[in-house]
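Chain by chain, the residues:
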Amino acid sequence: GESVGLHLPTLSVQEGDNSIINCAYSNSASDYFIWYKQESGKGPQFIIDIRSNMDKRQGQRVTVLLNKTVKHLSLQIAATQPGDSAVYFCAASGNTPLVFGKGTRLSVIA
Amino acid sequence: EADIYQTPRYLVIGTGKKITLECSQTMGHDKMYWYQQDPGMELHLIHYSYGVNSTEKGDLSSESTVSRIRTEHFPLTLESARPSHTSQYLCASTSGPLSGANVLTFGAGSRLTVL
């Protein structure tokens, strides 16, 4: 089955710097990937997604990069702000419902 | 603001009690899901539903049961709660495919503590 994992459980960045959160997946049949942000006391909220026919997708201040060769994706947050402090999850899907990895807690230092 | 609601948000209950966690969505989504979130933050799929009268077990074995009598409602029941059931339970829904490209909308979660 699919397994999805994040490389670091915690990440601290200075306000204004760029953040990079990495994720690895195991199933080469996975063709859809998604990032969620979870703030304290709330459910996960959609940030950005990418299909396997792309290797990069940009949103507002966020970019997702997909490397299918090494089964790795990353979330880049530009000019990190205090409001970006949260737990971030990646998830992957192929022919199954979304499989989530463990989260990375991003702390923004003012 | 997501149109998916979970109640109760917090519940502390004694061992052996029956509990039902409610989940309702007003978006007309046909697919609904229950995830269990452990202290390490990982989300594990425990139940999902394609639509009315359809329920399936997820990857993580759970003693809970679910029902889908109405499109908008997907309650989760524990017949006899135990301390090992202490966790955060997240409900989600989507109108997308069951797998593949699929943005789930999550509720705020129900945090269950069993003493």
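Since the structure is predicted, the reported quantities are computational estimates derived from the model, not experimental observations.

Residues and elements named next belong to chain A. In terms of strand pairing, strand β6 (residues 56–58) meets strand β7 (residues 62–67) through three bridges, oriented antiparallel. By the bridge assignment for β7, Arg-57 is matched with Val-64. Hairpin connection, β6 to β7: the antiparallel pair is bridged by three residues, and Arg-61 has positive phi, about 65°. Pairing of β7 with strand β8 (residues 72–77), which is carried by six bridges, proceeds in the antiparallel orientation. Note on β8: the bridge partner recorded for Asn-67 is His-72.

If you look at the interface, chain A gives 26 residues, while chain B gives 23 residues. Of the roughly 1700 Å² buried where chain A meets chain B, counting both sides, 60% is carbon and sulfur surface. Looking at the side of chain A facing chain B, the largest losses of area belong to Pro-44, Pro-97 and Phe-100 of chain A, adding up to 29% of the total buried there. Taken together, the connections running from chain A to chain B amount to zero salt bridges. Taken together, the connections running from chain A to chain B amount to four residue pairs in polar contact (both at pLDDT 80 or more). Counting only elements with at least two residues in the side of chain A that touches chain B, the list comes to β4 (32–38), β5 (45–51), β9 (86–93) and β10 (99–100) of chain A. Considering each element in turn, the side of chain A that touches chain B owes the most residues, four residues, to β4 of chain A. Of the residues contributing to the side of chain A that touches chain B, the split by class is 11 nonpolar, nine polar and six charged.

All right, on to unusual backbone geometry then. The omega torsion of the bond from Thr-7 of chain B to Pro-8 of chain B falls at -10°, within 30 degrees of zero and hence cis. Tracing the sequence through the fold places Pro-8 of chain B in the loop between β1 (4–7) and β2 (10–13). Backbone geometry at Lys-71 of chain A places phi at a positive 55°, although glycine is not the residue there. Judged by its relative accessible area of 26%, Lys-71 of chain A is partly exposed. In this structure, Ala-79 of chain A takes a positive phi of about 45° despite not being glycine. Relative to the assigned elements, Ala-79 of chain A resides in the loop between β8 and β9. A residue is classified by how much of its surface remains accessible, and Ala-79 of chain A, at 35% relative accessible area, is partly exposed.

All names here are of chain A. If you trace the backbone, Pro-9 turns up in the loop between β1 (4–6) and β2 (10–14). On the basis of relative accessible area, Pro-9 is assigned to the exposed category, the value being 56%. Taking C-alpha positions, Pro-9 is 4.4 Å from Thr-104, a pair spaced 95 residues apart along the chain. Those residues within four positions of Pro-9 in sequence are excluded, and the remaining contacts are Gly-103, Thr-104 and Arg-105.

Tallying each qualifying case throughout the model produces 11 aromatic pairs over all chains. Ring centres of Tyr-25 of chain A and Phe-33 of chain A lie 4.6 Å apart, and the angle between their planes is 45°; this geometry places the pair in the tilted category. Judged by its relative accessible area of 6%, Tyr-25 of chain A is buried. An angle of 80° between the planes, with centres 5.2 Å apart, marks the rings of Phe-100 of chain A and Tyr-35 of chain B as edge-to-face. Residue Phe-100 of chain A is located in strand β10, and its partner Tyr-35 of chain B is located in strand β4 (residues 31–37); the two belong to separate chains. Classification of Tyr-35 of chain B as buried rests on a relative accessible area of 0%. Through a chain of ring-to-ring contacts, the aromatic side chains of Tyr-36, Phe-46, Phe-89 and Phe-100 of chain A together with Tyr-33, Tyr-35, Tyr-48, Tyr-50 and Phe-106 of chain B assemble into a single cluster. In this structure, Arg-68 of chain B packs its charged tip against the face of Phe-74 of chain B, placed 5.8 Å from the ring centre.

Each value, and the rule that gives it
Residues numbered from 1 in each chain as written. Chains lettered and ligands numbered in written order. Predicted model: local features only at pLDDT ≥ 70, side-chain atom pairs only at ≥ 80, totals over all residues. Heavy atoms only, no water. Pairing = 2+ DSSP bridges. Helix = DSSP H or I, 4+ residues; strand = E, 2+ residues; numbered from the N terminus. Contact = heavy atoms within 4.5 Å. Buried area = accessible area lost by both parts, 1.4 Å probe. Salt bridge = Lys/Arg side-chain N within 4 Å of Asp/Glu carboxyl O. Polar contact = N/O pair within 3.5 Å; in protein donor to acceptor, adjacent residues only side chain to side chain. Nonpolar A, V, L, I, M, F, W, Y, C, P; charged D, E, K, R; others polar. Buried < 20%, exposed > 50% of the residue type's maximum accessible area, 1.4 Å probe, protein only. Phe/Tyr/Trp six-rings, centres within 6.5 Å; stacked < 30°, edge-to-face > 60°. Lys NZ or Arg CZ within 6 Å of the ring centre and 35° of its normal.

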